[in-house]
Amino acid sequence: MVRRTKADAEATREALLDAAEEVFFERGVARTSLEQIARHAGVTRGAVYWHFHNKADLFRAMLDRVRMPFQELVDETNAADASPLEAIRLGCQQGFMRLEQPRNRRVHAILVYRCEFFSDIDPNTMLDEMVIDCVEALQDYFTAAHDAGHLRAGISPLIATRLLQAILSGLFHDWLRDTEAYSLREHGTTLVDTQLALLAREDAAV
């Protein structure tokens, strides 16, 4: 009986997060109430407060389901023996594939385009947390590439990181405006491959 109760509670929590995604995407975060989310999920408002302290707590839990630590992306590609630049390329490809999944696409669109700053929800801070993780991981890989002599002369790990991050950030925001305009995986892979080729020493493997 205890197992069933825990399973039911977890199912309710997931249903609330699913409902939050749908209502936030449709109405925007500021214009969505916990009561509306509860109704959409088919539960009582009390059930919301059983699982989440407030809307900000629910919003962060929704984001946690789509977080993509860059090292996790690399690990998923089984790139343990890859060169640092190849690991970056594979990690980016994995990230593009994840972003194209419906949940990832919807939640990131909510964070970037359907969430205003209010109360205790600051979308810019939350987005910065994701960006910082990516930047730190990229710089670690570019540092390893630099130490191995794989970067073009005159290109520091910091500059290489900033160049690639600028491309990824611009691509991310542009694609989220119209996710049907092009394949993120195909377009993103082309851009990343081109940038890595420009950063790599001519005889270095990418």
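Scoring rules and cut-offs
Residues numbered from 1 in each chain as written. Predicted model: local features only at pLDDT ≥ 70, side-chain atom pairs only at ≥ 80, totals over all residues. Heavy atoms only, no water. Salt bridge = Lys/Arg side-chain N within 4 Å of Asp/Glu carboxyl O. Helix = DSSP H or I, 4+ residues; strand = E, 2+ residues; numbered from the N terminus. Buried < 20%, exposed > 50% of the residue type's maximum accessible area, 1.4 Å probe, protein only. Core = buried A, V, L, I, M, F, W, Y, C linked by side-chain atoms within 4.5 Å. UniProt positions renumbered as here; feature names shortened; annotations may be inferred. Phe/Tyr/Trp six-rings, centres within 6.5 Å; stacked < 30°, edge-to-face > 60°. Lys NZ or Arg CZ within 6 Å of the ring centre and 35° of its normal. Expected span 1.5 Å × (residues − 1). Axes fitted to C-alpha atoms, helices over the stretch in contact; angles between N-to-C directions. Parallel < 35°, antiparallel > 145°, perpendicular 65-115°, else oblique. Left-handed = near helix turned anticlockwise from the far one by under 90°. Contact = heavy atoms within 4.5 Å. Nonpolar A, V, L, I, M, F, W, Y, C, P; charged D, E, K, R; others polar.

What to know about the pattern of salt bridges
What the rule picks out here adds up to 16 salt bridges. Of the charged contacts, one joins Asp 18 and Arg 65 as a salt bridge, the two residues approaching to 2.9 Å between their closest N and O atoms. Separated by 47 residues along the polypeptide, Asp 18 in helix H1 (residues 2–27) and Arg 65 in the loop between helix H4 (55–64) and helix H5 (70–76) bring together distant segments of the chain. When its relative accessible area of 28% is taken as the criterion, Asp 18 is described as partly exposed. In this structure, the salt-bridge partner of Arg 67 is Glu 129, at a minimum N-O distance of 3.5 Å.

Topic: the nonpolar core
One broad trend across soluble globular proteins is that nonpolar side chains are buried collectively. Phe 24, Leu 58, Phe 59, Phe 70, Ile 88 and Phe 142 are the most contacted members of the largest nonpolar core, which totals 59 residues. Among the elements that make up this core, the one with the highest residue count is helix H8 (residues 123–147) (nine residues).

Observations regarding the UniProt feature "domain: HTH tetR-type" (unreviewed entry) in the protein
According to UniProt, the positions carrying the feature "domain: HTH tetR-type" (unreviewed entry) are residues 10–70. Annotated as 72% helix and 0% strand, the span residues 10–70 places its first and last C-alpha atoms 27 Å apart.

A look at the packing of aromatic side chains
Applying the stated criterion to the full structure yields two aromatic pairs. Centroid distance Phe 70 to Tyr 141: 6.3 Å. Interplanar angle 70 degrees. Geometry classified as edge-to-face. You can see Phe 70 sitting in helix H5 and its partner Tyr 141 sitting in helix H8, a full 71 residues away along the chain. Judged by relative accessible area, which is 15%, Tyr 141 ranks as buried. The aromatic ring of Phe 25 is capped on one face by Arg 114, whose charged end is 3.9 Å from the ring centroid.

Some remarks on the UniProt feature "DNA-binding region" (unreviewed entry) in the protein
Here, UniProt's "DNA-binding region" (unreviewed entry) annotation points to residues 33–52. Secondary structure content for residues 33–52 is 75% helix and 0% strand, and the end C-alpha separation is 13 Å.

Things to note about helix H7 (residues 102–113)
Counted at 1.5 Å a residue, the expected span for H7 with its 12 residues is 16 Å, and the 16 Å between its end C-alpha atoms agrees. Listed in full, the buried residues belonging to H7 are Asn 104, Val 107, His 108, Ala 109, Ile 110, Leu 111 and Val 112.

Regarding the packing of helix H6 (residues 84–99) against helix H10 (residues 184–199)
The contact between H6 and H10 brings their axes to 9 Å, and the two run at 160 degrees. By the angle between their axes, H6 is roughly antiparallel relative to H10. Crossing angle aside, the handedness with which H6 passes H10 is right-handed. Contact residues: Leu 85, Ile 88, Arg 89, Cys 92, Gln 93, Phe 96, Met 97 and Leu 99 in H6; Leu 184, Arg 185, Gly 188, Thr 189, Val 192, Asp 193 and Leu 196 in H10. Taken together, the residues of the contact of H6 with H10 break down into nine nonpolar, three polar and three charged.

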